[in-house]
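# Coordinate analysis (summary)
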Amino acid sequence: MPNIFNDGTQVDQIIFDDISIAGASSKTSDFMVVPALYTGRLEVVFMGGSTDCVLATNPATVDIIYYDKSKGSAIHTWSSYVNIPASTYSKGKILTEFHIPYRKLKEVTNGDKVSYIKIKINYTQSGSSGNLNAYLVWK
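Here goes a summary of the coordinates provided. (Residues numbered from 1 in each chain as written. Predicted model: local features only at pLDDT ≥ 70, side-chain atom pairs only at ≥ 80, totals over all residues. Heavy atoms only, no water.)

Moving on: the side chain of asparagine 122. Looking at the element boundaries, asparagine 122 is found in strand 9 (residues 116-129). At a separation of 3.1 Å, a polar atom in the side chain of asparagine 122 contacts the side chain of aspartate 63. Beyond its immediate stretch of four places on either side in the chain, asparagine 122 contacts Ser25, Ser26, Ala60, Thr61 and Asp63. (Helix = DSSP H or I, 4+ residues; strand = E, 2+ residues; numbered from the N terminus. Polar contact = N/O pair within 3.5 Å; in protein donor to acceptor, adjacent residues only side chain to side chain. Contact = heavy atoms within 4.5 Å.)

And the structure:
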C-alpha cells in the first residue's frame, strides 16, 4: 500500500486495501471524510492488488454515495458513475481513475452539506476473483 505513487502523486486516503472480491458481488468502503470535496481536486484510483484481479463478463460499476455530517442517510447516490471493463488486472495495474464530482451537487437538495462519501464497486460474482486496491488522491 503506497503513500505515494511512482509518478509522485500523494495518497490522501486508502479506500480499499488489498480486498478480496471473491464471494460477493459488491464491496463498499467505510465512510471517508472529504473536507476538500468542493475544490474539485479529489480523484479515486482503483488498482490490481496482491493477486490478479479478474472482473468477469459484464463491466463492473462504481457508485459514489454522499453523506452529511450525521452519516445517517445518503444525500445522493450516483449509481454506475464509472464502468470498469471486464478483464484481468495484475498487481499495480490501474482498473480506472476518476474525479469525485462536486459541481453537480449544487443541483441536489442538501448537496452543499456533504461531509462524507462511500465508494462502492459492483461486479459479476461468478468468475470474478483476486484482490484490488483503491485510493483517494489529490490532483
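Once you've had a look at it, read on.
Another point: the packing of aromatic side chains. In total, this model carries five aromatic pairs according to the counting rule given. Here phenylalanine 31 and tyrosine 67 contribute two aromatic rings whose centre-to-centre distance is 4.8 Å and whose plane-to-plane angle is 75°, an arrangement assigned as edge-to-face. Taken together, the residues span a long stretch of sequence, with phenylalanine 31 in the loop between strand 2 (26-28) and strand 3 (32-33) and tyrosine 67 in strand 5 (residues 53-67) at a distance of 36 residues. On the basis of relative accessibility, which here comes to 30%, the residue phenylalanine 31 falls in the partly exposed class. Between the aromatic rings of phenylalanine 31 and tyrosine 116, the centroid separation amounts to 6.1 Å while the plane-to-plane angle is 75°, which identifies the pairing as edge-to-face. In this pair, phenylalanine 31 sits in the loop between strand 2 and strand 3 while tyrosine 116 sits in strand 9, placing the two residues 85 residues apart along the sequence. Classification of tyrosine 116 by relative accessible area gives buried; the value is 17%. Following the ring pairs from residue to residue traces out a cluster consisting of Phe31, Tyr67 and Tyr116. (Phe/Tyr/Trp six-rings, centres within 6.5 Å; stacked < 30°, edge-to-face > 60°. Buried < 20%, exposed > 50% of the residue type's maximum accessible area, 1.4 Å probe, protein only.)

This brings us to the side chain of asparagine 133. With respect to the helices and strands, the residue asparagine 133 is situated in strand 10 (residues 131-138). Within the local environment of asparagine 133, its side chain forms a polar contact with the backbone oxygen of glycine 48, the two atoms lying 3.5 Å apart. In this structure, asparagine 133 is in contact with Phe16, Asp17, Asp18, Val45, Phe46, Met47, Gly48 and Gly49, ignoring residues within four places of it in sequence.

Another point: unusual backbone geometry. A positive phi is found at aspartate 18, a non-glycine position, where the angle reads about 50°. You can see aspartate 18 is positioned in strand 1 (residues 11-20).

Attention shifts here to the environment of threonine 88. With respect to the secondary-structure elements, threonine 88 resides in strand 7 (residues 87-89). With 42 residues separating them along the chain, threonine 88 and glycine 130 place their C-alpha atoms 9.2 Å apart. Excluding residues within four positions of it along the chain, threonine 88 makes contact with Asp52, Cys53, Val54 and Lys93.

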